[in-house]
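# Per-entry structural report
Listed below, chain by chain, are the residues.
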Amino acid sequence: MANLTGKVALISGASRGIGAATAEYLAACGASIAITYYHNKDKADNIVEHIIQSGGKAIAICADAGDIHQASSVIKQVIKEYGELDILVNNAGRAKVIAFADYDWETLDNLIDVNIRGVFALSQAAAKQMNNEGRIINIGSVSAQRAGRTGMTGYALTKSAILGLTKAMARDLAEQKITVNVINPGHINTDMNPITGGSASQRIESIPAARYGETMDIAQAVAFLASDEASYITGTSLTIDGGLTC
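Residue positions are counted from 1 within each chain, in the order its sequence is given. For this predicted model, a pLDDT threshold of at least 70 governs which residues receive local features, and a threshold of 80 or more governs which side-chain atom pairs are given and counted, while totals over whole chains, interfaces and linings are taken from all residues. Excluded from the side-chain calculations are hydrogens and water; all other atoms, namely the structure's heavy atoms, are used.

### Overview of the overall build of the chain
Selection rule: Put simply, DSSP H or I for four residues or longer makes a helix, DSSP E for two residues or longer makes a strand, and each gets a number counted from the N terminus. Only the C-alpha atoms count toward the radius of gyration. The rule for a globule is 2.2 Å times the residue count to the power 0.38. Relative accessibility thresholds used throughout: buried, under 20% of the residue-type maximum; exposed, over 50%; partly exposed, between the two (1.4 Å probe, protein chains only). Throughout, a contact is declared for two residues whenever any of their heavy atoms are within 4.5 Å. For the accessible areas, the method is Shrake-Rupley and the probe is 1.4 Å, while residue cover comes only from the protein chains on display. For the charge count, each Lys or Arg is scored as positive and each Asp or Glu as negative, with His and the chain ends excluded. The location of each charge is read from NZ of Lys, CZ of Arg, CG of Asp or CD of Glu.
Tallying secondary structure elements over the chain gives seven helices and seven strands in all. Shown N-terminal to C-terminal, the secondary structure of the chain runs as helices and strands in the order β-α-β-α-β-α-β-α-β-α-β-α-α-β. Relative to its length of 246 residues, the chain is compact, with a C-alpha radius of gyration of 17 Å against a globular reference of 18 Å. Taken along the three principal axes of its C-alpha coordinates, the chain extends 45 × 35 × 35 Å. Per-residue burial for the chain yields a buried fraction of 49% across its 246 residues. Look at the contacts in the chain between residues 6 or more apart in sequence, and 74% of them connect residues 24 or more apart. Approximately 11900 Å² of the chain is accessible, and the part contributed by carbon and sulfur atoms is 50%. Side chains of the chain give 20 positive and 24 negative charges; the mean places of these two sets differ by 2 Å.

Okay, here's the thing in structure tokens:
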């Protein structure tokens, strides 16, 4: 387990799924936690309560990941609570399965707002407050490398953009000793993509590991990239998909 004692971590969109698992795991590694949520206040409060009951520190902040004007406010709240920010996990994201011919600009703009503009804005605001040895970890998707199914054009577009954004940010922020990396999950067992889903068995057939990943598979990778052991890793894309994109 990575040692994150004394670190402060912000995980966006962490009321469920990968974000929730990451928040709880980083807390178990010793970090003080801040999470953002938009609709699921009860679930976010439950995550915070569980971390606190386990002996950790955590707060939940209501924020729209697609509203770039809220990014600075989120960071200010974290600094006010903990006095610093060491780790940012850009987990909040939105997906839409829709035929290419049926896309309208409002739908595409909505995906871009959350999956690209929101990541850019929160990262920029965080970097201004991070001390040396900061960590920014973006949660992308294998959809940036492999469409896999029809109807994912807009989502794949935004996640592909995160690959380029990660590499450019890594170079720009190197002088501050802030590392920037992206994790691209494959099929992960969450409530949005459950292993009990109707097409799950067909998807598993295309995965060499012959199973869905679990949220902890991603959380542990985040913890490593956030740790001192990963200080020389930056601008890197880490695919965790059981071999799907082999």
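### So, the pattern of salt bridges
Oppositely charged side chains are able to pair whenever their charged atoms sit close together. Note the threshold: For this document, the term salt bridge refers to a Lys or Arg side-chain nitrogen within 4 Å of an Asp or Glu carboxyl oxygen.
Per the counting criterion, the structure on display carries four salt bridges. Here D217 ties to R211 by a salt bridge, and the two come within 3.6 Å at their closest N and O atoms.

### With respect to the sheet that holds strand β4 (residues 87-90)
What counts here: When DSSP finds two or more bridges between two strands, those strands count as paired. Comment: axis = line fitted to C-alpha atoms, over the contacting stretch for helices; angle = value between 0 and 180 degrees taken between N-to-C directions.
Read from one edge of the open sheet, seven strands run β3-β2-β1-β4-β5-β6-β7, paired in parallel fashion. Edge strands, defined here as strands with exactly one partner in the open sheet, are β3 (58-62) and β7 (237-240). Between one strand axis and the next, the sheet turns by 20 degrees as a mean value, whatever way the strands run. Here five bridges tie strand β5 (residues 135-139) to strand β6 (residues 179-185), and the two strands are oriented parallel to one another. Its bridge partner lying in β6, R135 is registered against T179. Running at roughly 165 degrees to β3, helix α2 (residues 41-53) makes contact with β2 (32-37) and β3 of the sheet.

### What to know about the packing of helix α1 (residues 17-28) against helix α7 (residues 215-226)
Here is the rule: Oblique is the label for any angle not covered by the other classes, which are roughly parallel (under 35 degrees), roughly antiparallel (over 145) and roughly perpendicular (65 to 115). Take the far helix as your reference; a near helix turned counterclockwise from it by less than a right angle gives a left-handed crossing, and one turned clockwise gives a right-handed crossing. In this classification, the charged set is Asp, Glu, Lys and Arg, the nonpolar set is Ala, Val, Leu, Ile, Met, Phe, Trp, Tyr, Cys and Pro, and all remaining amino acids, among them Gly, are polar.
At a minimum axis distance of 8 Å, the contact between α1 and α7 shows a crossing angle of 50 degrees. On the basis of the axis angle, α1 is oblique to α7. Handedness of the α1/α7 crossing: right-handed. Counted together, G17, I18, A21, T22, Y25 and L26 of α1 and T215, M216, I218, A219, Q220, V222 and A223 of α7 form the full contact between these two elements. Here the contact of α1 with α7 is built from residues that sort into nine nonpolar, four polar and no charged.

### A few points about α7
Applicable threshold: Here the expected length of a helix is defined as 1.5 Å per residue gap, with one fewer gap than residues.
Its twelve residues give α7 an end-to-end C-alpha distance of 17 Å, which sits within 8% of 16 Å, the value for a rise of 1.5 Å per residue. In this structure, the buried residues of α7 make contact with α1, β4, β5, β6 and β7.

### Some details on the nonpolar core
The nonpolar side chains of soluble globular proteins are, as a tendency, buried together. The condition that has to hold: By nonpolar core is meant a set of buried Ala, Val, Leu, Ile, Met, Phe, Trp, Tyr and Cys residues that side-chain atoms within 4.5 Å join together.
Counting 36 residues, the largest nonpolar core has I11, L26, I33, I35, I183 and V222 as the members making the most contacts within it. For this core, the secondary-structure elements that each account for two or more residues are β1 (8-11), α1, β2, α2, β4, β5 and α7. Core analysis: the second largest hydrophobic core is formed by 29 residues, A71, L85, A121 and V182 among them.

### Quick look at the packing of helix α4 (residues 105-127) against helix α5 (residues 153-173)
Where α4 meets α5, the closest approach of the two axes is 9 Å, and the angle between their N-to-C directions is 15 degrees. Of the possible angle classes, the one that applies to α4 and α5 is roughly parallel. Considering how the two elements wind past one another, α4 and α5 form a crossing that is right-handed. Residues L108, L111, I112, N115, I116, V119, F120, S123 and A127 of α4 pack against G154, Y155, T158, K159, A161, I162, L165, M169 and L173 of α5. Its residues assigned to classes, the contact of α4 with α5 shows 13 nonpolar, four polar and one charged.

### Overview of α2
Worth spelling out the cut-off: Summarising the geometry, the arc corresponds to the directions from the helix axis toward the C-beta atoms.
Taking 1.5 Å as the rise per residue, α2 with 13 residues should run 18 Å; its terminal C-alpha atoms sit 18 Å apart, in good agreement. The complete set of buried residues in α2 reads A44, I47, V48 and I51. All buried residues of α2 fall inside an arc of 95 degrees around its axis, so they share one side. The outward face of α2, more than 90 degrees from its buried face, is lined by the exposed residues D42 and Q53.

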